[in-house]
Amino acid sequence: CVCACMHASVCVLVHAPQVLQPSDMCNPRVDEKSMMTYLSYFPQAELKEGAPVDGVLKCYGPALESNVVSDAPSHFTIDATDKLDEEEITWRVSGPDTPTYDSRHRAGNPKIVDVDFQAKTPGTYKIDVFYGGEPAMAEPQTIRVVRPAADARRVKCSGPGLQMFVPYEGAGFSVDANMAGGTGLLQIGVEGEGCPAAKLVVEHVGEFVFDVRYVCKEETSVLVHVQWHGEHVPGSPFTVNAVQVDL
């Protein structure tokens, strides 16, 4: 240890071996408080020009930047190129159901993982990303899965209430729009001379399947209109004939 005094100021020169390597400073397993204590002894320290700086892990791609249509393929990328060390990249997906996905390291860059993603059930899916077993991002990434655009041609209607009805008694049929996309805008109409007195009840039983019941006093025939998001479904309007029941 060499000390030198000049006027009222004191300059101390300490010759000691290097305690830490730069890689130690970047190690995610190092105790954070201990490292901050160590750094506090060097308030004027600055990075040398060209010194390596540990970057952040990034996620990007179509699946994260816009809505994903249910049951349609999409993809996203996990990019650890800016990280100084090389650790295993893993992730966990949680959401309304278990999606299918396939991942692969990009050729020539093991720090980039491309992930193909596909989910059947609409809703919000969360992706937690880990680097070397530790959480790599402050918040989970989110993928918003939505139903496809409405297509009335894929709606299926069935039931005796589309072929016949008994005046003043109930008739019914079902509408299955599970595969027809859209958000659930179903329109039912019964057209006939006695329709002002008709009773119409529509019940959603789940999975975009609807039960329809109606009562009409028309004694000849009526037209039953079924529309999905403003478009007639196959067969609509249905011609339904009245039948008489002998007592």
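Rules and cut-offs
Residues numbered from 1 in each chain as written. Predicted model: local features only at pLDDT ≥ 70, side-chain atom pairs only at ≥ 80, totals over all residues. Heavy atoms only, no water. Core = buried A, V, L, I, M, F, W, Y, C linked by side-chain atoms within 4.5 Å. Buried < 20%, exposed > 50% of the residue type's maximum accessible area, 1.4 Å probe, protein only. Helix = DSSP H or I, 4+ residues; strand = E, 2+ residues; numbered from the N terminus. Contact = heavy atoms within 4.5 Å. Pairing = 2+ DSSP bridges. Axes fitted to C-alpha atoms, helices over the stretch in contact; angles between N-to-C directions. pLDDT = per-residue confidence, 0-100. Phe/Tyr/Trp six-rings, centres within 6.5 Å; stacked < 30°, edge-to-face > 60°. Lys, Arg positive; Asp, Glu negative; His and termini not counted. Salt bridge = Lys/Arg side-chain N within 4 Å of Asp/Glu carboxyl O. Polar contact = N/O pair within 3.5 Å; in protein donor to acceptor, adjacent residues only side chain to side chain.

### Some points on the nonpolar core
In this structure, Phe-165, Phe-173, Val-175, Tyr-214, Val-224, Val-226 and Trp-228 are the most contacted members of the largest nonpolar core, which totals 25 residues. Tallying contributions element by element places strand E18 (residues 221–228) first for this core, with four residues. In this structure Phe-173 touches Ser-158, Gly-159, Gly-161, Leu-162, Ile-188, Phe-210, Asp-211, Val-212, Tyr-214, Val-224 and Val-226, once residues within four positions along its chain are discounted. By size, the runner-up hydrophobic cluster in this structure holds 20 residues, among which are Phe-76, Val-93, Phe-117 and Ile-143.

### Brief notes about the sheet that holds strand E14 (residues 170–176)
Here we have four strands laid out as an open sheet, ordered E12-E14-E17-E16, and antiparallel in their pairing. In this open sheet, the two edge strands, each paired with only one partner strand, are strand E12 (156–158) and strand E16 (199–206). Each adjacent strand pair in this sheet contributes to an overall mean axis angle of 20°, direction not counted. Pairing analysis gives seven bridges linking E16 to strand E17 (residues 209–215), with the strands arranged antiparallel. Along E17, the bridge assignment pairs Gly-206 with Val-209.

### Overview of the confidence of the model for the protein
Per-residue confidence for the protein gives a mean pLDDT of 85, with 89% of residues at or over 70. Mean pLDDT per element in the protein: strand E1 (residues 2–6) is the minimum at 34, and E12 is the maximum at 97. With pLDDT under 50 throughout, residues 1–14 is counted as low confidence; its partners more than four residues away or in other chains account for seven contacts.

### Here we look at the packing of aromatic side chains
Within this structure, the stated rule accounts for five aromatic pairs. On the numbers, 6.3 Å between centres and 55° between planes, the contact of Trp-91 with Tyr-101 is tilted. With a gap of 10 residues between them, Trp-91 in strand E6 (residues 89–94) and Tyr-101 in strand E7 (residues 100–106) connect regions that are remote in the sequence. For Trp-91, a relative accessible area of 17% puts it in the buried group. Ring-pair connections join several aromatic residues into one group, and the members of that group are Phe-165, Phe-173 and Tyr-214.

### Some points on the pairing of strand E15 (residues 186–191)
Because side chains alternate across E15, one face comprises the buried residues Leu-186, Ile-188 and Val-190, and the other comprises Gln-187, Gly-189 and Glu-191, none of which is buried. Bridge analysis of E15 against E18 gives six bridges, and the strand direction is antiparallel. Along E18, the bridge assignment pairs Val-190 with Val-224.

### Re the side chain of Lys-111
Within the element layout of this structure, Lys-111 appears in strand E8 (residues 109–118). No salt bridge is formed by the buried Lys-111; the nearest opposite charge belongs to Glu-86, separated by 5.5 Å. Polar side-chain contacts of Lys-111 include one of 2.4 Å to the backbone oxygen of Lys-83. Those residues in contact with Lys-111 that sit more than four places away from it in its chain are Ile-78, Asp-79, Ala-80, Thr-81, Lys-83, Leu-84, Asp-85, Glu-86, Ile-89 and Tyr-131.

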